[in-house]
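Letter by letter, the chains look like this.
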Amino acid sequence: MSSADFSVHMRGCEEAGSTIPITDLPDEVTSLDDLECTCWDEVGSFDELQ
């Protein structure tokens with residue numbers, strides 16, 4: 001997966017800028033490693049997001 005495809009941020013992320021926050025992760029996200037922004041660093045697993 002290419003990081004140039006899209007960028008996903010948690011709601012309230014300062015690095016997100018003017019992007020619109022999403023409520024569900026895209027199907028392309030299969031691992032927390034796919035989420036490159038530092039706003040995801042505090043999340044240890046997908047289970048914590050539910």
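To keep things clear, this report deals only with the structure shown in the data block.

Each helix and strand counted, the protein has zero helices and zero strands in total. Taken across its 50 residues, the protein has 22% of its residues classed as buried. At a minimum sequence separation of 6, the contacts of the protein that also span at least 24 residues come to 34%. For the protein, the accessible surface area stands at approximately 4000 Å², while carbon and sulfur atoms represent 44% of it.

The next thing to look at is the nonpolar core. Taken as a class, soluble globular proteins show a tendency for nonpolar side chains to be buried jointly. Grouped together as the largest cluster of nonpolar side chains are 10 residues: V8, C13, A16, V29, L32, L35, C37, C39, W40 and V43. For L35, the residues in contact, after removing those within four places along its chain, are V8, L25, V29 and W40.

This part is about the environment of S31. Relative accessible area serves as the criterion here: at 26%, S31 is assigned to the partly exposed category. As a C-alpha pair, S31 and S45 span 14 residues in sequence and 8.7 Å in three-dimensional space. For S31, the side chain forms a polar contact with the main-chain nitrogen of D33, separated by 3.0 Å.

Let's shift gears to the state of the cysteines. Summed over the entire model, instances satisfying the criterion amount to zero disulfides. Note on C13: no disulfide assigned, nearest cysteine sulfur contributed by C37 at a separation of 3.6 Å. With no disulfide of its own, C39 lies closest to C37 among cysteine sulfurs, the gap being 3.5 Å. According to the relative accessible area criterion, C39 is buried, its value standing at 17%.

Definitions and limits used
Residues numbered from 1 in each chain as written. Predicted model: local features only at pLDDT ≥ 70, side-chain atom pairs only at ≥ 80, totals over all residues. Heavy atoms only, no water. Helix = DSSP H or I, 4+ residues; strand = E, 2+ residues; numbered from the N terminus. Buried < 20%, exposed > 50% of the residue type's maximum accessible area, 1.4 Å probe, protein only. Contact = heavy atoms within 4.5 Å. Areas by Shrake-Rupley, 256 points an atom, 1.4 Å probe, with all protein chains shown as cover. Core = buried A, V, L, I, M, F, W, Y, C linked by side-chain atoms within 4.5 Å. Polar contact = N/O pair within 3.5 Å; in protein donor to acceptor, adjacent residues only side chain to side chain. Disulfide = S-S within 2.5 Å.

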